[in-house]
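A look at the structure
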Amino acid sequence: CNAIYAMRRAFSSALSRDGASALTSGRMYNWRVRAVYSALDKAGKADGPLCAEDLYSLGHLDQYHYGGTDACDEAAALLGLDSGSTVLDIGSGIGGTSRYLAATTGCRVVGVELQPDLCEAAAALTARIPGLSDRVLFVQGDAADPNLTLPTPAGGVDHTVS
């Protein structure tokens, strides 16, 4: 109950201070970026190439949703994802779901993230996994913005996850 109250208070405070900009400034979620890099550093992987499993093993730091990679596996099966699929990941965070889906199914993923620091971390972490950055791209912006340009194939996307 105290945790819920604290989250509500932080959210209300962020909105009342300066509106939505508090939500996009990184003040609410940038701790995740620091935590991921800290965990990689402790594992001796602060620099250089990573394998996708290095990030999956971080659990909730890589996967922001409750179901973790099991939920990703279930979504991939339900959607029938394969190397011919293109997925739009709205609210991609640091890219955990996008990377996992691309690495395990061969699909292409475009992640859209509102917060610049999360989007930058997603791209940087993905670039460290050989062969993955050609199938996973991240765009910083508001997915609800009709003027947001997405790097999608001519046929658009096959599926959207969030």
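Structural data are supplied above this passage.
Bear in mind the structure is a predicted one, so any value in this text is a computation, not a measurement.

About the criteria used
Residues numbered from 1 in each chain as written. Predicted model: local features only at pLDDT ≥ 70, side-chain atom pairs only at ≥ 80, totals over all residues. Heavy atoms only, no water. Helix = DSSP H or I, 4+ residues; strand = E, 2+ residues; numbered from the N terminus. Buried < 20%, exposed > 50% of the residue type's maximum accessible area, 1.4 Å probe, protein only. Contact = heavy atoms within 4.5 Å. Phe/Tyr/Trp six-rings, centres within 6.5 Å; stacked < 30°, edge-to-face > 60°. Lys NZ or Arg CZ within 6 Å of the ring centre and 35° of its normal. Salt bridge = Lys/Arg side-chain N within 4 Å of Asp/Glu carboxyl O. Right-handed = clockwise from strand over helix to strand, strands pointing away.

**A short note on the side chain of Thr86**
Within the fold, Thr86 resides in strand S1 (residues 86-90). You can call Thr86 buried: its relative accessible area is 7%. Dropping the residues within four chain positions of it, Thr86 is found in contact with Arg108, Pro153, Gly156, Val157, Asp158 and His159.

**Overview of the packing of aromatic side chains**
Tallied over the entire structure, the rule returns 1 aromatic pair. Ring plane angle 70° and centroid distance 4.7 Å describe the contact between Tyr56 and Tyr100, whose orientation is recorded as edge-to-face. Of this pair, Tyr56 sits in helix H4 (residues 52-56) while Tyr100 sits in helix H6 (residues 96-105), and the two are 44 residues apart along the sequence. The buried category is assigned to Tyr56, whose relative accessible area is 16%. The exposure class assigned to Tyr100 is buried, which follows from its relative accessible area of 8%. Against the face of Tyr64 rests Arg32, its NZ or CZ located 4.0 Å from the ring centre.

**Looking at the pattern of salt bridges**
For the structure shown, the criterion picks out 2 salt bridges. Residue Asp54 pairs with Lys45 through a salt bridge whose shortest N-O separation is 2.7 Å. Taking relative accessible area as the criterion, Lys45 reaches 29% and is therefore assigned partly exposed. Among the ionic pairs, Arg99 bridges to Asp62, the shortest N-O distance being 2.5 Å. You can see Arg99 sitting in helix H6 and its partner Asp62 sitting in the loop between H4 and helix H5 (68-79), a full 37 residues away along the chain. Considered together, Arg99 and Asp62 belong to a single accessibility category, that of buried residues.

**Regarding the pairing of strand S2 (residues 108-113)**
The element S2 is extensively covered by neighbouring structure, given that 5 of its 6 residues are classed as buried. This β-α-β element, S1 to H6 to S2, shows right-handed connectivity.

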